[in-house]
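Residue-level structural notes
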Amino acid sequence: MLRLWNTATRRKEPFTPIKKNTVGLYTCGPTVYHFAHIGNIRSFLFSDVLRRTLELEGYRVKQVINITDVGHLEVGADIGEEKIEVAARRERKTVWQIADFYTKSFLADLKAVNIKRPTATPRATKYIREQIALVRELEKKGFTYRTSDGIYFDTAKFPQYGGFAGVRIAGQEAGARVEIGEKLNPTDFALWKFSPRGRKREMEWKSPWGVGFPGWHLECSAMSRALLGQPFDIHTGGADLAFPHHANEIAQSSAAYGKPLAHVWLHSEFVVLPGGAKMAKSERNFTTIGDLIRWGHDPLAYRYLVLNSHYRSPLTFSDEALNTAEQTLVGLRGALRDWPKPAGRPLSGYADRFLQALEDDLNIPQALAVMWEMIKSNDSPARKGATLLWMDRLLGLDLIKIVGRPFKIPPKIQKMLAAREKARVAKNFAAADEIRRKIEEAGYLIEDTPTGPRIRSV
Ligand code: AMP
Ligand code: ZN
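Basis of the calculations
- Residues numbered from 1 in each chain as written.
- Chains lettered and ligands numbered in written order.
- Predicted model: local features only at pLDDT ≥ 70, side-chain atom pairs only at ≥ 80, totals over all residues.
- Heavy atoms only, no water.
- Donors = N, O, S within 2.8 Å, 3.2 Å for Na, K, Ca; no water.
- Helix = DSSP H or I, 4+ residues; strand = E, 2+ residues; numbered from the N terminus.
- Buried < 20%, exposed > 50% of the residue type's maximum accessible area, 1.4 Å probe, protein only.
- Pairing = 2+ DSSP bridges.
- Right-handed = clockwise from strand over helix to strand, strands pointing away.
- Polar contact = N/O pair within 3.5 Å; in protein donor to acceptor, adjacent residues only side chain to side chain.
- Contact = heavy atoms within 4.5 Å.
- Axes fitted to C-alpha atoms, helices over the stretch in contact; angles between N-to-C directions.
- Core = buried A, V, L, I, M, F, W, Y, C linked by side-chain atoms within 4.5 Å.
- Domains from an automatic or database assignment.
- Parallel < 35°, antiparallel > 145°, perpendicular 65-115°, else oblique.
- Left-handed = near helix turned anticlockwise from the far one by under 90°.
- Nonpolar A, V, L, I, M, F, W, Y, C, P; charged D, E, K, R; others polar.
- 1 Å grid on protein atoms, 1.4 Å probe; cavity = no way out; pocket = protein on both sides within 12 Å on 5 of 7 lines; lining within 4 Å.
- Points joined across faces, edges and corners; volume = space filled by probe spheres on them.
- Near = heavy atom within 4 Å.
- Phe/Tyr/Trp six-rings, centres within 6.5 Å; stacked < 30°, edge-to-face > 60°.

**Here we look at the coordination of the zinc ion (ligand 2)**
Coordination of the zinc ion (ligand 2) by the protein comes from Cys 28 (SG), Cys 220 (SG), His 245 (NE2) and Glu 249 (OE), over a distance range of 2.0 to 2.7 Å. Sequence spacing of the donor residues for the zinc ion (ligand 2), all on one chain, is C-x191-C-x24-H-x3-E. One end of the pair, Cys 28, is in the loop between strand S3 (22–27) and helix H1 (38–56); the other, His 245, is in helix H6 (residues 242–257), with 217 residues separating them in the sequence. As far as the burial class goes, Cys 28 and His 245 line up, both buried.

Spelled out as structure tokens, the structure:
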């Protein structure tokens, strides 16, 4: 039986779906004003592994990852400038071009680390009507008030507010003083923001309250309801989203419709740098999947690195950690390549223990330990291969590509590989990349390992 740590109850709970066979899963997606960094990608790798676990358990999963292409503000919670507008000025593009470009890049990143394509990736700007309907419902029930810059949710009218996640609410501690402007309570948040007087924004819509744009939290409440129903099963996001984002989603959805928004809330921990700083777009201390590829890494090595630590523990990212993961992945592929063709059913003892580890709040590090034990065992290599491929349905390391590929490298490719190594050592990455591209065009893939590059056919 699958057990998951629910942030809402702060307990590991048995998972029971609302419908018998289908699970609705909503994952808070990226704000598309910049490339996603590998910290962001960890939160999506986490929801991918959750989805694969549910599928291995026999459920059909309907997964939504939203694309936030409006409504995320630059400074503070409810004041300041829209990040996408700032990016548009920086890059001399329209906000729509910015959102489009970074959405495509995000979807390409998901593919590079073999994250299954979500059932839907709705954009916030395509659900303005639903968001307005939600605010109207809240207005009808008396949860809103108006200030000079927007329509706000009155958190004092929702007594359960902030109970979620047991988070301390900033500004509500005794004696704390915060600048709340026209807001009635520090935790109140914008549902609808008015366009500034005298300025036409590139992204703005008519509403019953005036021309403007939706508050950030609104889209997730409206789109999850539209696509998965309310309540749905599981809502995920990075740890920083528990408060205020998810507390606000819960408040507005429950207040509007008198039902919970989701049953289970899961939050994955951060990617940090050695020394402990959180990787963040605003800190400019981040690495992207594109960077990893440019530096000659296999993006699946990052996937392995993420799998190797529990989702509720911070993950320290460093070159050494990535190299170790890459070496391990190469070893794993090597084992599979050296064995005869996989055949037979998965070895049930290992398969059972692998599943048990997953069912214990997605303990993938434990599942990987079972996998390595299996690989090192004396069982028949063909059965071991079959077991590994079965396990890879969860791990998503794309090991199927390794199976049954004869492995002969023509001298011409060997020569190109040596030339690329030379360029790399000389830090001439552009030349190295160019050679890599040619090698790949010829139908070979390079795996960089600490003992030098290895090559295989695609
Ligand atoms: P954003 O694009 O900033 O809205 O973030 C997208 C997702 O990435 C959210 O679930 C965040 O909680 C998550 N996230 C942001 N920074 C990190 C980080 N350093 N490590 C892990 N997840 C992160
Ligand atoms: Zn969200």
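**Some points on the pairing of S3**
Among the 6 residues of S3, 6 are classified as buried, and the element is accordingly described as predominantly covered. Across the two faces of S3 the burial is the same, with Thr 22, Gly 24 and Tyr 26 and Val 23, Leu 25 and Thr 27 all buried. Bridging between S3 and strand S4 (residues 60–65) involves 6 bridges; their strand directions are parallel. Among the inter-strand pairings, Val 23 is bridged to a residue of S4, identified as Val 61. In this view, the connection linking S3 to its parallel neighbour S4 by way of H1 has right-handed handedness. Sheet topology places S3 next to strand S11 (residues 232–238); 3 bridges connect them, and they run parallel. Across the sheet, residue Leu 25 finds its bridge partner in S11, namely Ile 234.

**Re the side chain of Arg 52**
Checked against the element boundaries, Arg 52 lands in helix H1. A distance of 2.9 Å separates the side chain of Arg 52 from the backbone oxygen of Arg 393, its partner in a polar contact. Discounting residues that sit within four places of it in the chain, Arg 52 has contacts with Asn 114, Lys 116, Arg 303, Asp 392, Arg 393, Leu 394 and Gly 396.

**What about the sheet that holds strand S7 (residues 144–146)?**
The strand order across the open sheet formed by 4 strands is S7-S8-S9-S10, and the pairing between neighbours is antiparallel. With one partner strand each, in any of the chains shown, S7 and strand S10 (212–214) form the two edges of the open sheet. Direction aside, the axes of adjacent strands within the sheet are offset by 25° on average. By the bridge criterion, 4 bridges tie strand S8 (residues 150–153) to strand S9 (residues 189–194) in an arrangement that is antiparallel. The partner of Tyr 152 across the bridge, within S9, is Ala 190.

**Focus: the nonpolar core**
Judged by nonpolar contacts, the single largest core of 106 residues is most densely connected at Ile 41, Tyr 302 and Leu 395. Taken domain by domain, this core gets at least three of its residues from each of domain 1 (3–268) and domain 2 (272–401). Beyond its immediate sequence surroundings of up to four residues, Ile 41 is in contact with Ala 36, Phe 106, Asp 109, Leu 110, Val 113, Ile 289 and Tyr 302. Core analysis: the next-biggest nonpolar cluster, separate from the first, contains 15 residues, Phe 46, Leu 266, Tyr 311 and Leu 362 among them.

**Let's talk about the packing of helix H9 (residues 319–338) against helix H11 (residues 364–376)**
The contact between H9 and H11 brings their axes to 12 Å, and the two run at 40°. One way to sum up the angle between H9 and H11 is to call them oblique. The handedness of the crossing between H9 and H11 comes out as left-handed. On the side of H9, the interface is formed by Thr 328, Leu 332 and Ala 335, while H11 contributes Met 371, Trp 372 and Ile 375. When the residues that make up the contact of H9 with H11 are grouped by side-chain class, the tally is 5 nonpolar, 1 polar and no charged.

**Topic: empty space enclosed by the protein**
Scanning the model with the defined rule gives 4 cavities of 30 Å³ or more in all. Arg 42, Leu 45, Phe 46, Val 49, Val 306, Leu 307, Ser 309, His 310, Tyr 311, Leu 362 and Ile 364 are the residues that line the largest cavity. When contributions to the lining of the largest cavity are tallied by element, the ones reaching two or more residues are H1 and helix H8 (299–307). If one sorts the elements of the lining of the largest cavity by residue count, H1 sits on top with 4 residues.

**Let's talk about the site of ligand 1**
Ligand 1 sits among 17 residues. The nearest are Gly 39, Gly 238, Asp 240, Val 271 and Met 279. The contact in question runs from an oxygen atom of ligand 1 to an N or O atom on the backbone of Thr 31, over 3.1 Å. Within the contact set of ligand 1, an oxygen atom lies 3.5 Å away from a side-chain nitrogen or oxygen of Ser 43. Those elements that place two or more of their residues in the shell around ligand 1 are H1 and S11. No other element matches the 3 residues that H1 contributes to the shell around ligand 1.

**Remarks on the packing of aromatic side chains**
Applying the stated rule across the entire model yields 14 aromatic pairs. Aromatic pair Phe 46 and Tyr 311: ring centres 4.3 Å apart, planes at 25°, arrangement stacked. Placement of the pair is Phe 46 in helix H1 and Tyr 311 in the loop between H8 and strand S14 (315–316), with a sequence separation of 265 residues. Classification of Phe 46 as buried rests on a relative accessible area of 6%.

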